[in-house]
Amino acid sequence: MKKLDETVKKETLYIAAWTLILSAVMQSVFLVIGLWKPDVLFGNLISAAAAIFNFLLMGVTIQNAVDKDEKDAAQLMRFSQSMRMLMQLALGAVGVFFFNPIAAILPLFFPRAAIAFRPLFDKKAKETGEGE
Amino acid sequence: MELAIGIILGCCALGAGMAMIAGIGPGIGEGNAVAKACEAIGRQPESRGAVTTTMLMGCAVAETTGLYALVIAILLIFLAPGRLVNILVETMNTLG
């Protein structure tokens, strides 16, 4: 088996960290508004795991695709996207059906939120670097 | 009553299927992005790390549109039928 690329590892860790932070925030909000139940936690866990695993699989696919020729790479990516979508559908459905629907759906968008926050922290890091 | 419930279930399934049409777009987009990235890495192999990072983020953003469709489909299949049938039954009971 091919070793996981350093870039993919780094980005997946970044996404996983943000997903965990945002999940903790969501759990706190549920606690504060008095709607917290164990099914909120389980829905969140299954969905957050699906989101992180989806990102990791995407990274692995990209890592493998860049070594192929253009046509094969595009096909591999399309196939991977379909399969990952099915995986998310299955895990999301389990979360919605058996646990809290809101807690099971929101974490699927946490990686997108993490990417949206990225420029803020990159800018800060850049400024700090320039000042040194 | 059974006919109305059947129509509700059918429409929910049809809606979920139609929502998933949006799932095709990200697949095509990601495929094209990766194909172009392969081309770029072929021209400049030293930029592999930077290209991979940018592409990972780009693909994740592109996939969000597919996720919106996925969420709509999940809600239409697993939540909407029950709620809509309940509303129908309540309305029928109110009307007598």
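Residues numbered from 1 in each chain as written. Chains lettered and ligands numbered in written order. Predicted model: local features only at pLDDT ≥ 70, side-chain atom pairs only at ≥ 80, totals over all residues. Heavy atoms only, no water.

Peer 1: Please give an account of the environment of A:R84 that cites residues and values.
Peer 2: Relative to the assigned elements, A:R84 resides in helix α3 (residues 70-98). For A:R84, a relative accessible area of 2% translates into the label buried. Residues A:R84 and A:A51 lie 33 residues apart in sequence; the distance between their C-alpha atoms is 9.9 Å. Residues within four places of A:R84 in sequence aside, it is in contact with A:N54, A:L57, A:M58, A:M77, B:E30 and B:E63. (Helix = DSSP H or I, 4+ residues; strand = E, 2+ residues; numbered from the N terminus. Buried < 20%, exposed > 50% of the residue type's maximum accessible area, 1.4 Å probe, protein only. Contact = heavy atoms within 4.5 Å.)

Peer 1: So what's going on with the interface of chain A and chain B? Which residues, and what values?
Peer 2: Taken together, the contacts link 34 residues of chain A with 34 residues of chain B. Regarding the contact of chain A and chain B, the summed buried area is about 3,200 Å², with carbon and sulfur atoms giving 77% of it. The interface formed by chain A and chain B contains 3 salt bridges. For B:R48, the salt bridge goes to A:D67, with nearest N and O atoms at 3.0 Å. (Buried area = accessible area lost by both parts, 1.4 Å probe. Salt bridge = Lys/Arg side-chain N within 4 Å of Asp/Glu carboxyl O.)

Peer 1: Tell me about helix α2 (residues 24-43) of chain B, and please be specific about residues and values.
Peer 2: Look at α2(B): 29 Å from first C-alpha to last across 20 residues, which is about the 28 Å you get at 1.5 Å a residue. Within the span of α2(B), buried status applies to B:P26, B:G27, B:E30, B:G31, B:V34, B:A35, B:A37, B:C38 and B:I41. Along the axis of α2(B), the buried residues cluster in a sector spanning 165°; they form a single face. In α2(B), the exposed residues that point more than 90 degrees away from the buried face are B:I24, B:K36 and B:R43. Of the surrounding elements, those touching the buried residues of α2(B) are α2 (38-65) and α3 of chain A together with α3 (48-95) of chain B. (Expected span 1.5 Å × (residues − 1). Arc of directions from axis to C-beta.)

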